[in-house]
Amino acid sequence: MKTDIPQPIRLEDYRPTPYLIDTVELDFRLDPETTQVFSRLALRPNPASSEANAPLILDGEKLSLVSVKIDGEPLAEGQYRVEAQSLTIGHVPQHPFTLEIETHCNPSANTELSGLYVSGGIFCTQCEAEGFRRITYFYDRPDVMARYTVRIEADQALYPVLLSNGNPRQQSAIGGTCRHFAVWEDPFPKPSYLFALVAGDLGSVHDGITTCSGRPVSLGIYVQKGKEDRCQWAMEAVKASMRWDEERFGREYDLDVFNIVAVPDFNMGAMENKGLNVFNDKYILALPGTATDQDYVNIEAIIAHEYFHNWTGNRITCRDWFQLCLKEGLTVFRDQEFTSDMRSRAVKRITDVKTLRARQFPEDGGPLAHPPRPSAYIEINNFYTPTVYEKGAEICRMMQTLIGPDAFRSAMDLYFERHDGEAATVEDLVSCMADASGRDLSQFFRWYTQAGTPQVVAEGVYDASRKQYTLTLEQRTPPTPGEEEKQPLHIPLGIGLVAQDGEDIPLDLEGLGRLNAPVIELTGRRQSFRFNNVRQRPALSLNRGFTAPIRLESNLAAADQLFLMGHDNDSFNRWEAGQGLGRALMIAACRGPLPEDSLAAYARALRQILEDPAADDAFKALMLGLPSESEIAAAIGSNVDTDAVHAARDGVRARLGKLLADTLSGIWQRTSEPGPYRPDPASTARRALRHASLSLMMLADPDQGTAWAMAELTAPHSMSAEIGALSALVQIERPEREDALDSFHDRHSGEHLLIDKWLLLNAQCIGPEAPLRIERLTRHPDFRWSTPNKVYALFAGFTAGNVPGFNAADGSGYRVVADAILRLDAVNPQVAARIATGFRSCKVLNSIRKSAAEAELNRILAEPSLSRDVFEIVSKIARV
C-alpha cells in the first residue's frame, strides 16, 4: 500500500518567484547515455515578489549535478543543497547576477519520454508540463519567461540535423573531431515548457510562405529517412493554417523559420514548442495507402492547433498550470473554426459534439470531474483532459455567441494587444471579452470554476387563442466530487420555432420584441420566455448548433422529433432529433421488446434523409451513426448491464438495417471509388457514407455485409477502404474477421502506424474472449510497452471501444487492464494514468461489474511504489 500520500498543489497558494530569469544560454554536448548540459542564467530579484533575500530554489529531477557558479565563482558543497526534486542555494546576490550550472542526464534511460530522450536514434525533448527540470535545474513553471540561445554539439555522422527553437544563427564542424555544432536563438521570451531540441539523421521536406506583411518564412518538416514522401499533406496544412490565422485573427508568424519534427515515440499528439513543433508521427505521415480519411482530417486539424498556439499559448502563455484551459481551450476553439472553414461547418459541429459527449460528458459526470480551471491537482499531467480542451473550447464558443463574432474578434485583438509577451490568466481573457463588448460576464465566468454538465429541462406550451408560445426552462448541475452546491450558470441557447411547413417562425420575445439573433439567455434556475405572434403550434428547436454544452430534456413528443429530424433548418438539431429518437429506442430495447411501429417510423425518417440528393453525404453518414453503448449506459444512469446494452444497440441497428436494406444497397453501389484517391471533403464524405452503410448492413445481413467487406479488402483502393471494411467486420464473430485481420497484418507488417491500427481493430473485436485476446496481443512481437501509440491503440481501444469486453461480468477485462496499468506505471506513469481513466464510468454499472472493477482499482492502489500520476486518477475513481 502506498504510504506517502501525495499532497495537492493549490491555486490559492500561487506566488510569483523571488527571482526572474531574463536570458538562458544552454550548451548541449549530446551523448545517448551521458549528455552534458551547461546552462548560463541571467537572474535578478523579482520586484513583484514579497520574499526578500529568499533562497534560490530551482526544480530538477533525475540529474547529476557537476558544478554551480555564481558570477563566475564556483560554489562549495555547503553553499547549496541538492534534493530529489530541487537545487537550493541559500544565499544569492540581491542584484542582477549570473548562475552557471553543469548537469549530466541519461536520455537513453528516459522511458517516461519527458525531458530529453532518445526515440529511434533521434534525440528529442518533451518539456510540457514539467520536463525541462529533467534537463537542467530551473524555475520550471510557465510564468518564468526568458529569451533562449541554444548551442547543440553532437557526432556529425550520427546526428547531422541539429534543431532548436527560434532562428538558426550558426552551424559548423568542430575542427579535428567527428563532431559539429549549431546555434539557435529565440528572440521571444518563453517559458521552459516550450523549449525544444531535436538531433538525428533525419530526412526532410522544405517549402516556404510569404506572410501578409511580405516577410518570407522557411518551412521544414523532418521525419525518419524514407518517409519524406508522406509529408506533402502536412506541409499544405501548415501553409493553410498560416494563411487562415492571418485572415481570421490577424496573426502573422513571427520567426524566420517554422519547423516540425515527427517522431514515433511521443506521449501526446504534438507539442507547440516555439518555432519547432514536435509531433507524434501519426499526425504527420500520410499517403493514400497508409492513412485513412480520418488521419488526413486529424493531420490538418492538429497541425493547425499547434501552429495556432504560436499566439494563444506561446506569445501569450498561462501564468500557472491551473490556467491550462486559457491556452488549450482557446486554441481548440480556433482549430475547430479552422476545420469548419476548410470543410463542412455543420458536419464539423456534429463531430465535435460527438467527441465532447463521448469524452468530456462522462468525465464531468464521474469521479474525475473538475472545473476547466481547477483549484487543485496532484499531478498536472492528469489535467490534459477533455474538460480543459473540449469544454474549454465550448466556453470560448459561448462567449462568441453571447457577444457576437465582431465583438469577439475585437476582444481577441485587445487580448493580443494587452498581454503579448505575458503569462496570463483566464480572468485576463474574459476581461477582454467584457471590455470589447460592454457585456457583464461575471456570472458567465462560473463556467470556468464550476464542474459538471448542466441539465436544462424545457417545457413549451402553445396558446392558440393568444398565438403565444411560452417556454419555461430550469437548469440544474448535479453534484460533483467536492462540490455539492452548484450556482446557476449563464447559458446561451440557440432557438427556433419551426412551423408545419418547415420554416422558422419570427421570434417576437415579450419584453424585447423581434430578436436580432435567435438566441435566448438562461441565467436563473428557472425562467420563462413568452413569444408573441406565433401563428401556429410550433416544434421547438432548442440549443441549435449546440450553443451550450448541456444535457437537454424537453416535452417534445416523438412526432415532433421525427418532424425536426426531417425539416429543421439547423443541421445540428436535425441530427440531434435523430440521436434522441435512437437513444430512446435503444433504452426501450434494453427493457423489453420494441414496438415495430416506432422503429419503422424512425427508419422512414432516416430513409428520407438518405435519399435526399441535396443532403451532404457526410451528414447522412452521421445520421446513420446511432448513439454509442457508453452514451446509452450513461443515459440509463445506474445498475447498467453492459451486455444488455450491447445486445439492445446491435438489435436496433440490425432491425434498422433490414428496414433500410434497399437504400443501403443503393448507397453501396453509388459510392464506389470513381478514380484516384482524394482526401477532399466531398470524397471523404462519400466514403464515410459508404462505410456507415456497410456497418449497418453487417448487422442486418451478416452474409451480405461480409461479402461487401471482403470485396473491399480484396482490392483495396486506399487505407480508408481497408479500415472501413475491417471496422465493420470486428462487430461480428465470423471466421472472415480473423482471416481479414491476419491478412492486414501480413500486408503491413513493416509499417508501425498500420500495426497500431491492427492493434486497435483487434482491441475492438466483439466476443467472449476479448480480454484474452488483449492479453495475448501484449506478447505479440509487434507490441511494445515502451511505445505510447501501441499502448493507447490496444488498451484505450479496448476500454473505450469494446464496452462488453472491458466490462466482462467475470472481471477479466478489468484485470487485464489493471495488469497493464501496474506494468506501465514503472515505465511511463503518464501513459499508465491515461489508461486508468478507462475505469471512470464504473459507478453506473450493476453490482457484479462494479465490485469487480473496485477490486482491481484497490489492487492498483495497494502497489507501494505507485506514481503520483496513477495514484491521483485511481484514488479518485475508487472513492466513488
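Residues numbered from 1 in each chain as written. Predicted model: local features only at pLDDT ≥ 70, side-chain atom pairs only at ≥ 80, totals over all residues. Heavy atoms only, no water.

A. Expanded view of helix H21 (residues 770–777). For H21, the complete set of buried residues consists of Ala770, Pro771, Arg773, Ile774 and Leu777. Projection of H21 onto a plane perpendicular to its axis shows the buried side chains occupying an angular sector of 160°, all on one side. Packing partners of the buried residues in H21 comprise helix H19 (735–747), helix H20 (752–763), helix H22 (788–801), helix H23 (803–806) and helix H24 (812–825). (Buried < 20%, exposed > 50% of the residue type's maximum accessible area, 1.4 Å probe, protein only. Helix = DSSP H or I, 4+ residues; strand = E, 2+ residues; numbered from the N terminus. Arc of directions from axis to C-beta. Contact = heavy atoms within 4.5 Å.)

B. Region of interest: the environment of Gln336. Note on placement: Gln336 falls in helix H3 (residues 324–342). You can call Gln336 buried: its relative accessible area is 5%. In this structure the C-alpha to C-alpha distance between Gln336 and Ala393, which are 57 residues apart in sequence, comes to 8.6 Å. Aside from chain neighbours lying at most four places away, what touches Gln336 is Lys348, Asp352, Ala393 and Arg397.

C. Layout of the sheet that holds strand S21 (residues 276–280). Spatially, five strands are ordered S17-S18-S19-S21-S20 in an open sheet, and the strand pairing comes out mixed. Among the strands making up the open sheet, the edge pair consists of strand S17 (202–210) and strand S20 (270–271). Bridge count between S20 and S21: two bridges; the pairing is antiparallel. Paired with Ala270 across the two strands is Phe279, which belongs to S21. Of the strands in this sheet, strand S19 (257–263), S20 and S21 touch helix H2 (residues 293–308), which is tilted by about 150° from S21. (Pairing = 2+ DSSP bridges. Axes fitted to C-alpha atoms, helices over the stretch in contact; angles between N-to-C directions.)

D. Structural detail: the sheet that holds strand S11 (residues 122–126). Overall, antiparallel pairing links the four strands, which are arranged S10-S11-S16-S13 in an open sheet. Edge positions in the open sheet fall to strand S10 (115–119) and strand S13 (161–164), since each of these has one partner strand only. The average undirected angle you get between the axes of adjacent strands in this sheet is 20°. In this sheet, strand S16 (residues 197–200) lies alongside S11 in antiparallel orientation, the contact comprising two bridges.

E. Seen up close, the nonpolar core. Formed by 167 residues in total, the largest nonpolar core has its most connected members in Leu99, Ile284 and Phe531. Setting aside chain neighbours within four positions, we find Leu99 in contact with Ser39, Arg40, Leu41, Leu43, Leu56, Leu58, Val68, Lys69, Ile70 and Ile89. Membership of the second largest hydrophobic core comes to 115 residues, among which are Ala685, Phe783, Cys842 and Ala853. (Core = buried A, V, L, I, M, F, W, Y, C linked by side-chain atoms within 4.5 Å.)

F. Quick look at the pattern of salt bridges. Within this structure, the stated rule accounts for 74 salt bridges. The residue Glu100 makes a salt bridge to Arg40 at a minimum N-O spacing of 3.6 Å. You can see Glu100 sitting in strand S9 (residues 97–105) and its partner Arg40 sitting in strand S3 (residues 35–45), a full 60 residues away along the chain. You can call Arg40 partly exposed: its relative accessible area is 37%. For the salt bridge of Arg734 with Glu736, the shortest nitrogen-to-oxygen distance reads 3.3 Å. Of the residues examined, Arg734 reaches a relative accessible area of 23% and is grouped as partly exposed. Within this structure, Asp27, Arg29, Arg151, Glu153 and Arg179 form a network of salt bridges that share partners. (Salt bridge = Lys/Arg side-chain N within 4 Å of Asp/Glu carboxyl O.)

G. Quick peek at empty space enclosed by the protein. Enumeration according to the criterion identifies two cavities of 30 Å³ or more in this entry. The volume enclosed by the largest cavity comes to roughly 40 Å³. Surrounding the largest cavity, Ile209, Thr210, Thr211, Met242, Arg243, Glu246, Tyr253 and Tyr307 form its lining. For the lining of the largest cavity, the secondary structure elements donating two or more residues are S17 and helix H1 (232–249). (1 Å grid on protein atoms, 1.4 Å probe; cavity = no way out; pocket = protein on both sides within 12 Å on 5 of 7 lines; lining within 4 Å. Points joined across faces, edges and corners; volume = space filled by probe spheres on them.)

H. Geometry of the packing of helix H10 (residues 571–591) against helix H12 (residues 617–624). Viewed as axis vectors pointing N to C, H10 and H12 meet at an angle of 25°, and their least axial separation amounts to 9 Å. The angle between H10 and H12 places the two elements in the roughly parallel class. Two packed elements cross with a definite hand, and for H10 against H12 that hand is right-handed. Contacts between H10 and H12 pair Ser571, Arg574, Trp575, Gly578 and Gln579 from the former with Phe619, Leu622 and Met623 from the latter. (Parallel < 35°, antiparallel > 145°, perpendicular 65-115°, else oblique. Left-handed = near helix turned anticlockwise from the far one by under 90°.)

I. Molecular detail of the packing of helix H4 (residues 345–364) against H10. At a minimum axis separation of 9 Å, H4 and H10 run at an interaxial angle of 40°. It follows that H4 is oblique to H10 by the angle criterion. Here H4 runs over H10; the crossing is right-handed. Between H4 and H10, the contacting residues are Ala346, Arg349, Ile350, Val353, Lys354 and Arg357 on the first element and Ser571, Phe572, Trp575, Glu576 and Arg583 on the second.

J. How the structure looks around unusual backbone geometry. Look at the link from Glu128 to Ala129: it is a cis peptide, with omega at 5°. With respect to the helices, strands and loops of the structure, Ala129 is situated in the loop between S11 and strand S12 (146–155). Even without being a glycine, Lys62 presents a positive backbone phi close to 55°. Structurally, the position occupied by Lys62 is in the loop between strand S4 (56–59) and strand S5 (64–70). Within the chain, Leu113 stands out as a residue other than glycine whose phi angle is a positive 55°. Tracing the chain through its elements places Leu113 in the loop between S9 and S10. Leu113 sits in the buried class, given a relative accessible area of 5%.

K. Focus on the state of the cysteines. Considering all chains together, one arrives at zero disulfides under this definition. The closest cysteine sulfur to the non-disulfide-bonded Cys124 is located on Cys127, 9.3 Å from its own sulfur. No disulfide involves Cys590; its sulfur sits 19 Å from the nearest other cysteine sulfur, which is in Cys842. Given a relative accessible area of 26%, Cys590 falls into the partly exposed group. (Disulfide = S-S within 2.5 Å.)

L. How the structure looks around the packing of aromatic side chains. Applying the stated criterion across every chain, the model contains 36 aromatic pairs. Residues Tyr415 and Phe416 carry aromatic rings whose centres are separated by 5.9 Å and whose planes lie at 50° to one another, so their mutual orientation is tilted. Chaining the aromatic ring pairs together yields one cluster made of Trp244, Phe249, Tyr253, Phe258, Tyr307, Phe308 and Phe338. In this structure, Arg334 packs its charged tip against the face of Phe249, placed 4.9 Å from the ring centre. One residue, Arg690, lies across the ring of Trp668, its end atom 3.6 Å from the ring centre. (Phe/Tyr/Trp six-rings, centres within 6.5 Å; stacked < 30°, edge-to-face > 60°. Lys NZ or Arg CZ within 6 Å of the ring centre and 35° of its normal.)

M. Here's a closer look at helix H6 (residues 405–419). For H6, which comprises 15 residues, the first-to-last C-alpha distance of 21 Å matches the rise-based estimate of 21 Å (1.5 Å per residue) to within 8%. Those residues of H6 lying buried are Ala407, Phe408, Ala411, Met412, Leu414, Tyr415, Phe416 and His419. Elements in contact with the buried residues of H6: H1, H3, helix H5 (386–403), strand S24 (423–424) and helix H7 (426–437). Following H6 by one or two positions, Gly421 has its phi on the positive side, about 80°. (Expected span 1.5 Å × (residues − 1).)

N. Seen up close, the side chain of Ser49. Along the polypeptide, Ser49 turns up in the loop between S3 and S4. A distance of 3.1 Å separates a polar side-chain atom of Ser49 from the backbone nitrogen of Glu51. The contacts of Ser49, once residues within four sequence positions are left out, are Pro16, Thr17 and Pro18. (Polar contact = N/O pair within 3.5 Å; in protein donor to acceptor, adjacent residues only side chain to side chain.)

O. Representation of the side chain of Lys274 in the model. Among the structural elements, Lys274 can be located in the loop between S20 and S21. The contact partners of Lys274, leaving out residues within four places of it in the chain, are Asn165, Gly166, Asp186, Phe188, Lys190, Leu194, Asp254, Leu255, Asn310, Asn314 and Arg315.

P. Up close: the environment of Thr449. If you trace the backbone, Thr449 turns up in helix H8 (residues 446–449). With relative accessibility at 33%, the residue Thr449 sits in the partly exposed group. When the C-alpha positions of Thr449 and Gly176 are compared, they lie 60 Å apart, and in sequence the two are 273 residues distant. Those residues in contact with Thr449 that lie beyond four places of it in its chain are Pro371, Arg373 and Glu483.

Q. Structural detail: the pairing of S19. Extensive coverage of S19 is indicated by the burial of seven of its seven residues. Burial along S19 is two-sided: the residues Val257, Asn259, Val261 and Val263 and Phe258, Ile260 and Ala262 are all buried. In the sheet, strand S18 (residues 216–224) pairs with S19 via five bridges, with the strands oriented parallel. Bridge pairing in S19 links Ile221 to Ile260. For the crossover from S18 across H1 to S19, the handedness is left-handed. Where S19 lies against S21, five bridges are found, and the strand directions are parallel. (Right-handed = clockwise from strand over helix to strand, strands pointing away.)

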